[in-house]
Amino acid sequence: MDTDETAILFGEDVGFGGVFRCSQDLQDQFGPHRVFNTPLSENGIAGFAVGYAATGGTAIAEIQFADYIFPAMDQIVNEMAKFRYRSGNQWNCGGVTIRAPCGAVGHGGHYHSQSPEAYLAHTPGIVVVMPSGPKDAKGLLLSSIRSPDPVVFLEPKALYRSSVEPVPDEDYELPLGVANVLHQGSDITLIGWGGQLRLLEKARLLAQKEGIHCELIDLRTILPWDVDTVTESVIKTGKCIVSHEAPLTCGFGAELVSTIQNECFYSLEAPVMRVCGMDTPFPLVHEKYYIPNELKILDAIRDVMEKAK
Amino acid sequence: MMRPSCILPFVTRRKIPSSLSVIPSINNAVARASSNRAHSSMPLPSFDDEKESRIRSETSQASANQQLLQKKMPAFQRPSCIEPKKEQAKKQPSTIPTHVTYTGDMTLPITSKLKLTLPNDETPSGSWPLFRLMDEDGHLRIQDNVIPNIVNLYDTKSALHAHRLMIRLTQMDDIFLNAQRQGRISFYMSCRGEEAIHIGAAAALSLKDVILAQYREAGVLMYRGFTLDQFADQCFSNKNDLGRGRQMPVHYGSRALNFHTISSPLGTQLPQAVGVGYRLKMENERQEQESKKGCAVAFFGDGSASTGDFHTACNFAATLEVPSIFFCRNNGFAISTSVEEQYRGDGIVSRAPGYGMAAIRVDGNDLFAVNAVMKVARRYAIEHSKPVMVEAMTYRQSHHSTSDDSTRYRDVKEINRWASDGDPVNRFNNFLDNAKWQGGMDGENVELYIKRVRDEERFAVLRAMEQAEKKQDPDLSTMFEDVYHEKPHHLKRQEKELLEHVKRNKEYYAAGSH
């Protein structure tokens with residue numbers, strides 16, 4: 001907001017600070033013409049962002065929950081993603097960044113827990129990013145806002161409160177389209193994104209106690225995703241598990257597994273596995289059972305190691 | 001069966017009793033003001049319907065005004081058949097229409113009072129009236145108005161230019177449509193019957209204004225300066241197409257002319273127009289000069305006005321207060337769905353007060369009226385940074401597209417009626433016939449002049465088409481560009497694989513994309 005005077009931040013309830021306090025004090029600091037509430041309509045928020053960005057501005061739009069991004073899908077898929085291409089590069093809306101809190105939070109149920117990255121990943125022309133913690137969030141968000149392409153930035157809401165780490169004060173950017181290897185390991189590659197990294201890390205530590213050394217990768221950018229880092233790792237370890245909160249069928253894990261088996265087939269020592277949410281709407285009272293937690297991941301790790309023998 | 005599209009029905013003129021003077025009269029205050037031509041400080045013109053009929057019989061005023069008129073605008077010549085009478089014993093029965101009936105049995109009262117209904121104004125009881133300046137026979141309606149100040153098309157050069165562009169549009173529509181029937185292009189959409197909307201609206205705007213159109217607004221782009229070559233290149237998807245051959249014909253776009261590229265989903269441009277308006281509002285606030293300020297203009301049809309995006313956009317625009325004009329071409333149909341199956345309210349304009357938005361309804365087949373309304377709307381939008389809704393009533397003479405045969409769902413007689421009496425180009429031809437601007441028409445009589453213009457434009461379209469057809473397709477390598485600002489790894493890889501595949505199968509792909 002400081003470095004770009006055309007940057008505006010808008011969405012439902014953004015003015016008073018936002019339902020997750022993401023825009024706290026920003027209206028006081030930058031004024032109501034730059035930080036403001038819109039009427040309640042996600043297709044309006046997204047369309048407004050496209051128009052503003054097409055006219056040379058930086059539009060930071062907030063969708064209150066990723067569960068409500070669906071009314072905006074026409075604007076995202078049919079307009080935002082195709083804006084540059086269909087115009088022969090005369091027009092673009094690279095100035096758009098749509099932020100939306102996603103993922104399980106313990107009590108969200110069907111409509112406050114979804115992770116819609118799979119729907120978005122199937123859309124050539126947009127960039128989809130999901131940070132796994134505060135430090136990554138800042139660097140990835142700044143890159144996303146400054147990216148010359150329209151970005152959908154999904155923020156795992158469980159991490160707003162629970163995730164604590166030191167974050168540098170200065171302005172820094174993390175590259176988009178590049179995965180982050182959090183831990184090196186020789187036995188098996190674990191891949192995830194967003195909130196799932198915490199559970200994968202727990203599983204990694206449990207596996208380590210059993211003498212299994214896991215390589216842990218945070219994908220960071222869902223689209224376009226870092227094929228090279230992933231395949232390099234799987235070729236090294238020969239084994240792989242992909243884990244995400246979103247339902248199993250046609251989840252983004254399927255894309256990874258498909259590419260991995262294609263690129264790393266002759267290096268694989270066991271089938272590539274997925275540990276994901278169930279194919280049900282996200283349940284409330286049974287959330288604990290639904291979530292692909294560290295126990296399920298550990299089961300899968302043991303299973304893969306067994307098959308590889 | 002389509003009506004013959006190549007022949008423009010010629011000028012039909014209804015005789016008006018010569019005792020009835022049809023002269024725009026200008027009162028002194030206006031005459032004084034007009035010499036300043038201070039547009040931005042000019043109060044909005046107002047017309048009074050009751051006064052109208054009185055003025056018809058006020059002759060001394062009329063003749064004084066006539067002299068004034070001739071002084072101010074020497075190019076405009078009084079039609080010699082119409083003379084003001086000194087006295088009028090009886091009031092002659094007026095053949096000046098009071099209502100227009102549109103498809104879907106929608107009968108609307110005509111007004112010559114140009115007034116935006118502002119958000120807190122009283123809304124019309126009954127149907128919203130239709131603003132009109134020029135009747136079907138080309139005669140101008142009387143008013144004590146400020147036409148010279150708000151209608152710059154009144155001067156010969158501009159009017160003839162507008163006329164030529166309307167004809168160019170009809171010729172382009174005819175020829176490209178036939179090209180599709182011959183299999184030379186894959187698809188086309190005509191704008192027949194809506195020419196006055198395109199040219200009249202575009203002529204009121206500046207290049208600073210951003211246009212977000214639907215798909216039946218080619219004339220707007222044409223007026224701005226898109227050449228016939230550029231139209232043809234896009235329709236033929238050749239290597240010169242600004243859109244790089246990526247979209248179906250008529251999906252034009254031009255950054256240079258501030259015209260967003262057309263997309264097929266309906267109504268999506270409307271919320272975008274709010275965002276554009278918001279940005280322009282910020283930029284306008286920094287501009288000292290009025291001429292550097294701009295507004296957003298979104299065009300859409302009666303069908304698109306049913307979408308959620310329309311509703312959202314109107315609400316956003318009014319609430320966020322942006323200089324965006326929402327221009328509805330109510331042409332009676334959304335493919336086969338007539339307005340009777342589209343809505344129950346009084347058209348689209350009547351929705352505006354619900355959003356807290358200013359609005360006006362205009363006769364879309366009257367070039368002068370559309371132009372006047374757009375000027376007023378634009379001035380309001382920029383001055384107040386608030387949106388305006390304009391509903392231009394018209395009739396879609398053409399089929400929806402080349403994939404449609406509208407005789408399957410509507411009466412051919414209705415189409416023909418609108419193509420003759422109701423046609424906007426015919427109306428303007430009638431006006432020219434009345435105006436007798438021999439000077440501007442190189443001394444020719446109107447019939448010959450119109451025929452000459454038609455032939456010239458037809459030839460130009462044919463030539464552009466022939467050139468476009470000869471040009472090559474865009475290079476295959478362009479297919480993977482512009483998906484993102486920079487080509488990502490996975491696209492580089494897919495491109496490589498595709499090019500290798502094409503190389504291995506040269507014969508199959510040698511015929512090109514058609």
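The structure we're discussing is the one just above.
Residues numbered from 1 in each chain as written. Chains lettered and ligands numbered in written order. Predicted model: local features only at pLDDT ≥ 70, side-chain atom pairs only at ≥ 80, totals over all residues. Heavy atoms only, no water.

A. Local environment of unusual backbone geometry. All names here are of chain A. Here the amide bond leading from Leu223 into Pro224 is cis, since omega sits at -10 degrees, within 30 degrees of zero. By the secondary structure assignment, Pro224 is in the loop between β10 (221-223) and α9 (227-237). Even without being glycine, Arg21 reaches a positive phi, approximately 60 degrees. Among the structural elements, Arg21 can be located in the loop between β1 (8-11) and α1 (26-30). (Helix = DSSP H or I, 4+ residues; strand = E, 2+ residues; numbered from the N terminus.)

B. Structural detail: the pairing of strand β9 (residues 358-363) of chain B. All names here are of chain B. The element β9 is extensively covered by neighbouring structure, given that six of its six residues are classed as buried. Burial of the side chains of β9 extends over both faces: Ala358, Ile360 and Val362 are buried on one face and Ala359, Arg361 and Asp363 on the other. As judged from the six bridges shared by β9 and strand β10 (residues 388-393), these two strands associate in the parallel manner. In the strand pairing of β10, Asp363 is matched with Met393. Following the chain from β9 across helix α12 (residues 367-384) to the adjacent parallel β10, one finds a crossover that is right-handed. (Buried < 20%, exposed > 50% of the residue type's maximum accessible area, 1.4 Å probe, protein only. Pairing = 2+ DSSP bridges. Right-handed = clockwise from strand over helix to strand, strands pointing away.)

C. Inspection of the interface of chain A and chain B at higher detail. Between chain A and chain B, the residue contacts involve 46 residues of the former and 42 residues of the latter. If you sort the residues of chain A by the area they bury against chain B, Tyr85, Gln90 and Trp91 of chain A come out on top, with a joint share of 21%. Where chain A packs against chain B, one counts two salt bridges. Across the pair Glu5 of chain A and Arg286 of chain B runs a salt bridge, and its minimum N-O distance is 3.3 Å. Counting the contacts that link chain A with chain B gives 21 residue pairs in polar contact (both at pLDDT 80 or more). Sorting the residues of the side of chain A that touches chain B by element identifies β2 (35-37), α2 (42-54), α3 (73-80) and α4 (83-86) of chain A as the ones contributing at least two each. In terms of residue count, α2 of chain A provides more of the side of chain A that touches chain B than any other element does, nine residues in total. Its residues assigned to classes, the side of chain A that touches chain B shows 18 nonpolar, 20 polar and eight charged. (Contact = heavy atoms within 4.5 Å. Buried area = accessible area lost by both parts, 1.4 Å probe. Salt bridge = Lys/Arg side-chain N within 4 Å of Asp/Glu carboxyl O. Polar contact = N/O pair within 3.5 Å; in protein donor to acceptor, adjacent residues only side chain to side chain. Nonpolar A, V, L, I, M, F, W, Y, C, P; charged D, E, K, R; others polar.)

D. Seen up close, the nonpolar core. Of all hydrophobic cores here, the largest spans 106 residues; its most connected members are Leu219 of chain A together with Phe326 of chain B. Those residues in contact with Leu219 of chain A, other than ones at most four positions away along the chain, are Val178, Ala179, Ile191, Gly192, Trp193, Trp225, Val230, Phe252 and Leu256 of chain A. Leu177, Ala358, Val446 and Ala464 of chain B belong to the second largest nonpolar core, which has 85 residues in total. (Core = buried A, V, L, I, M, F, W, Y, C linked by side-chain atoms within 4.5 Å.)

E. Seen up close, the packing of aromatic side chains. Summed over the entire model, instances satisfying the criterion amount to 29 aromatic pairs over all chains. Aromatic side chains Phe10 of chain A and Phe48 of chain A sit 5.0 Å apart centroid to centroid with 75 degrees between the ring planes, which places their arrangement in the edge-to-face category. Pair noted here: Phe10 of chain A is in strand β1 and Phe48 of chain A is in helix α2, with a separation of 38 residues, a long-range link. Phe48 of chain A shares its class with Phe10 of chain A; the two are buried. Arranged with centres 5.4 Å apart and planes meeting at 20 degrees, the rings of Tyr102 of chain B and Trp418 of chain B form a pair that is stacked. With Tyr102 of chain B in strand β1 (residues 99-102) and Trp418 of chain B in helix α13 (residues 412-420), this residue pair connects regions lying 316 residues apart in the sequence. You'll find Tyr102 of chain B and Trp418 of chain B in the same group, each marked buried. Following the ring pairs from residue to residue traces out a cluster consisting of Phe10, Phe36, Phe48 and Tyr52 of chain A together with Tyr278 of chain B. Positioned above the aromatic ring of Tyr85 of chain A is the side chain of Arg246 of chain B, whose terminal nitrogen or guanidinium carbon lies 4.0 Å from the ring centre. Above the ring of Phe333 of chain B, the side-chain terminus of Arg410 of chain B is found at 4.8 Å from the ring centroid. (Phe/Tyr/Trp six-rings, centres within 6.5 Å; stacked < 30°, edge-to-face > 60°. Lys NZ or Arg CZ within 6 Å of the ring centre and 35° of its normal.)

F. Region of interest: the environment of Phe30 of chain A. Residues and elements named next belong to chain A. Along the chain, Phe30 falls in helix α1. Sequence separation between Phe30 and Phe265 is 235 residues, and the spatial gap between their C-alpha atoms is 53 Å. Beyond its immediate chain neighbours, meaning those up to four positions away, Phe30 contacts Met1, Asp2 and Val35.

G. Here's a closer look at the packing of α9 of chain A against helix α10 (residues 252-264) of chain A. All names here are of chain A. Relative orientation of the contacting elements α9 and α10 amounts to 60 degrees, with a least axis distance of 10 Å. Viewed along their axes, α9 and α10 adopt a mutual orientation that is oblique. For the pair α9 and α10, the sense of crossing is right-handed. Two secondary-structure elements touch here, α9 through Val227, Val230, Thr231, Val234 and Ile235 and α10 through Thr259, Ile260, Glu263 and Cys264. By residue class, the composition of the contact of α9 with α10 is six nonpolar, two polar and one charged. (Axes fitted to C-alpha atoms, helices over the stretch in contact; angles between N-to-C directions. Parallel < 35°, antiparallel > 145°, perpendicular 65-115°, else oblique. Left-handed = near helix turned anticlockwise from the far one by under 90°.)

H. Structural view of the sheet that holds strand β12 (residues 273-277) of chain A. All names here are of chain A. On the basis of which strands lie adjacent, the open sheet formed by five strands has the order β7-β9-β8-β11-β12 and mixed pairing. Only two strands of the sheet have a single partner each, and these edge strands are β7 (180-183) and β12. Sheet twist, expressed as the average angle between the axes of neighbouring strands with direction ignored, equals 25 degrees. Two elements, strand β8 (residues 188-192) and strand β9 (residues 214-218), share five bridges in a ladder whose sense is parallel. Bridge assignment links Thr189 to a residue of β9, and that residue is Glu215.

I. Spatial organisation of helix α16 (residues 489-504) of chain B. Residue and element names in this part refer to chain B. Its 16 residues give α16 an end-to-end C-alpha distance of 23 Å, which sits within 8% of 22 Å, the value for a rise of 1.5 Å per residue. Those residues of α16 not exposed but buried are Leu491, Glu495 and Val502. Taken end-on, α16 shows its buried residues confined to a sector of 40 degrees, consistent with a single buried face. Opposite the buried face of α16, by more than 90 degrees, sit the exposed residues His489, Lys496, Lys503 and Arg504. Looking at the buried positions of α16, the neighbouring elements they touch are α17 (506-510). (Expected span 1.5 Å × (residues − 1). Arc of directions from axis to C-beta.)

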